[in-house]
Amino acid sequence: MAAGTTILSLGAYAQEAPAVERKLEKISTIHSQLKPSKTVLLYPDGQAGNGKKAAKLAKTDKGYAAMLGPGDSNGYDCDEEARKNGFIAYVADSARVDLYFPEHPNGQMVLSTPGGSYKDLSTWNEGTYVAEWMLKRGITVGVVKYRLPHGHWTIPLTDVQNAFRYCRAHADDWGIDQIGIIGFSAGGHLASTVTTMYTDSLTRPDFSVLIYPVISTDPAVTHRNTKGNLIGFEEYWNDRENYSFSEYYERQKTYEELKKKYSSENNVTATTPQSFIALSTDDGLVPAQNSLLYFQALAKNKVSSEIHLYPYGGHGWGFTDPAVIDVDKSKDALGNSRVEFSASLERWLSDVHRGKIDVAEKRPDSPIELPESQTVLLYPNGQETSGESNGAEGPEVVDDRYHFMNVGDSARFDLYMADKSIATGQMVVICPGGGYKYSAQRNEGEYVVNWLLKRGLSACLLKYRLPLGHWNVPLTDVQNTFRWIRAHADELGVKQVGVMGFSAGGHLAASASVLYTDQETRPDFSVLFYPVITMERGVTHNGTRANLIGKDNQWGGKKAQHEELLWKYSLENQVTEDTPRTIIILCSDDPTVPAENSIRYFMKLAKLKVKAEMHSFPQGGHGWGFRNSEIGTDGVMYARSEIDAALERFLKESINY
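Residues numbered from 1 in each chain as written. Predicted model: local features only at pLDDT ≥ 70, side-chain atom pairs only at ≥ 80, totals over all residues. Heavy atoms only, no water.

Chemist: When you look at the overall build of the protein chain in this model, what are you seeing that I'm missing?
Modeler: Counting secondary structure elements, the protein chain contains 17 helices and 24 strands. Each principal axis of the C-alpha distribution contributes one length, and for the protein chain these read about 90 × 60 × 45 Å. Buried residues in the protein chain amount to 59% of all 657 residues. The long-range share in the protein chain, meaning contacts at least 24 apart out of those at least 6 apart in sequence, stands at 78%. Across the protein chain, the 68 positively charged side chains and the 81 negatively charged ones have centroids separated by 3 Å. (Helix = DSSP H or I, 4+ residues; strand = E, 2+ residues; numbered from the N terminus. Buried < 20%, exposed > 50% of the residue type's maximum accessible area, 1.4 Å probe, protein only. Contact = heavy atoms within 4.5 Å. Lys, Arg positive; Asp, Glu negative; His and termini not counted. Charge placed at Lys NZ, Arg CZ, Asp CG, Glu CD.)

Printed below as a string of C-alpha cells:
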C-alpha cells in the first residue's frame, strides 16, 4: 500500500495524498494546480482475501449497490513508483478514484482511465488535465488509478467496474444523473472493455469517449506492449519446453480465447453505449486501424457514434490543452486541430447528456448570387473526340431541383475565380453526386462554389457526362478538366488543384484520386463527402453501382469482365502511397451510403500512411452538402461550424503540403 495514505473506511475518503503523488511534482513540472476534492480507496483492506471479501455501499433509492471485492491480486507488494511527467507504476492495494467536483455541476460525470500500456498510468495528461477541461464545463470527474494487470488480465476491468458501482451509489448525493467513461491508449482499451463487457446496469457506462485507443489484439494492428502486459506476450504463451503437449494445447486455446475476448471490436452489439472516438492518423504507436475497427463495429450495429481522425498529433496528446493548462502552444502535438477537438467533444457530451441533437427548423433556401463564370466545353467538337461517347442525344434535362441529366456533347465546367485580394492560388474541381443518374448542381455544386469563393479558393463546377452504360466517361471528364486547368494554370493564377465530391460524385472524386494516369491528372488533394467507395453488394449504393457499371443481369457470359470492373471501381483496392492527401466527412447514420464505404477507404489510406483525416458525425443522414445557415437548413446544422473549421484548416494546410 502506498505510504502516506490515510485509510478511513469503505466509502470514506483518503484525506492525505499518497507519497507517490507528492513525489511526482518533485521530478517533473505539472501544468495545473488542481487537486482532487476527495480520493476514494477502492480496497481499503487491500487485495487480500483472494476476492472473497466484499462490502456493501449505502442503500440508495435504486436499491443496494454492491462494491465487489478486488477479485484476483496482481501480486505487487511494493509501494507505487513515481515516474516522469505524471506517470505512476505498481498500483496495487492503493487502487483508487480521485474525485473532482465542479463549482456548478451539470449532472454529468466522467470516469477517466489513463493510458500507459497497462504498465504504468499517465495520471496528469490523461487524468488531472482531463479534470481541468471537464470541470470548466460543469462535469464531475473521477480519475481511476486502477491496478496494473501484471499477468492478471481481469484486474483493470474489475477496478473500473467497482468505481462505477461506487459512483452510482453516490450519484444522488452528488446530483449526478449520467456517468460515462473516457479512456486513453491502453486506458482506451480498458474503457472499450468497460463499454462492451459490463455485467449489469450499474457497470454499464451511459457513454464512452475513446482517445487514440488500443482496441484489437490482432498482431497486425495492436500495440504489442499493451497486449502483452494485459494478456501475456507471445513468448509466454508459445513456451513449449516447460509444458506437456496437453498443457501446451490448452494454453494455446486459452490464448486464442483471450485474444478474441479482449479485441473489443468483437464485443460490440446493438446495445453498446454510444461512443466518441478521437485520434491522429499519424499515430506511430497505436495504428489508426484500432479505432476504425471499433467504429466499423459500431456502425454495423447502428450504435450512435462519432469519430475524428486528425492528420497529425501522433500519440499521447491527451488534454495538454493550452486553453486549459498553463503550457506553451508548441507543446500541444494536436496543434491546429485542438480547437476542433474541444468543440466537437463539448458539443457531443452536451448532446449525450440532453439525450438529443438539436435539429434546426427547416426553412426554404435563400437565393445566392455567384459572380460571373467562364464556361468551358470539354468537347466543343462533340464527345466523340473524347474517345468514347455515352450515347446521350438531344438536349440536357434539368429538373426543378436543379439536377442535370442527359449531359453529352454539352459536357463542361464553369470556372469561378476567387477575388485576387484573398485568393489562395487553389482551385477545387467539384463533382456533385446523384447516383450517376444525375448531378445535383445546386446543393453539391453552386452552394459549394459560394463557400469556396468566400475563403479565397477558385472553383470549377463540373457538369460531367453520366455513364449510361459507359463507365469510363465520368472519369475521363474529370481528367480532361484537370488537363485544361493545368494547361492554363499560369494565366489563371492557380498553383494547386484539388477535387471535391459528394456521394456518387465522391466516388468520382476518389476515382480521380486513385486512377489518375499522370501528374497532370493527379489531384493535389481530395475532399470526399459521404462518398460511395466500394462496389460490394450490401455495402455499396446499389443505384450508383448499377448506373456506373450496369446491372448484374446485363453481363450475361462476360462474368470475368464484370468482376474486373467491380474490383477496379471498388476504390479501396486502388489506394497507393501516392494517393493525394484526403479528408472525408460523413454521418454514421447515413441510410443511403453506409459508413463502411468511408471506413474501408480510410483504412487503406492509414495503412499506406497517406496523410488523411476523417470526421464522422452521429446524425445527419445523406445528401446535406453545403446548405449552411446562410442558405437554408440541413441535418448537420448542429455540427456545421465544426465541419467548416476542419475543411478550412485542411485546405489551408494543403497549400504548403
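Read on for the rest.
Chemist: I'm lost on the environment of Phe529 in this one. Help?
Modeler: Relative to the helices and strands, Phe529 is located in strand S22 (residues 525-529). Since its relative accessible area comes to 0%, Phe529 is described here as buried. Separated by 69 residues in sequence, Phe529 and Ser598 have C-alpha atoms that sit 9.2 Å apart.

Chemist: Explain the packing of aromatic side chains here, please?
Modeler: Each aromatic ring pair is specified by the distance between its two centres and by the angle formed by the two planes. Per the counting criterion, the structure on display carries 29 aromatic pairs. Considering the side-chain rings of Phe529 and Trp624, the 5.9 Å spacing of their centres and the 85° angle between planes classify their relative orientation as edge-to-face. Of this pair, Phe529 sits in strand S22 while Trp624 sits in the loop between strand S24 (612-617) and helix H17 (640-655), and the two are 95 residues apart along the sequence. Overall, the relative accessible area of 2% leaves Trp624 in the buried class. One aromatic cluster is present, formed by Trp133, Phe184, Phe207, Tyr212, Phe276, Tyr310, Trp317, Phe319, Phe341 and Trp348 through successive ring pairs. The ring of Phe404 carries the charged tip of Lys463 above its face, separated from the ring centre by 5.2 Å. (Phe/Tyr/Trp six-rings, centres within 6.5 Å; stacked < 30°, edge-to-face > 60°. Lys NZ or Arg CZ within 6 Å of the ring centre and 35° of its normal.)

Chemist: Explanation requested: the sheet that holds strand S4 (residues 81-82) in the structure shown.
Modeler: The pairing of strands in a sheet happens through backbone hydrogen bonds and is either parallel or antiparallel. With respect to topology, three strands assemble into an open sheet ordered S4-S5-S8, the strand pairing being antiparallel. Edge positions in the sheet fall to S4 and strand S8 (120-122), since each has one partner strand and no second. Where strand S5 (residues 87-89) lies against S8, three bridges are found, and the strand directions are antiparallel. Opposite Phe87, over in S8, you have Ser122 as the bridge partner. (Pairing = 2+ DSSP bridges.)

Chemist: Can you help me understand the sheet that holds strand S16 (residues 403-405) in this one?
Modeler: Ordered by their spatial adjacency, three strands build an open sheet running S15-S16-S19, and the pairing between neighbours is antiparallel. The open sheet has two free edges, formed respectively by strand S15 (397-398) and strand S19 (439-440), since each of these has just one partner strand. Alignment of S15 against S16, held across two bridges, turns out to be antiparallel. Each bridged residue has a counterpart across the sheet, and for Val398 the counterpart in S16 is Phe404.

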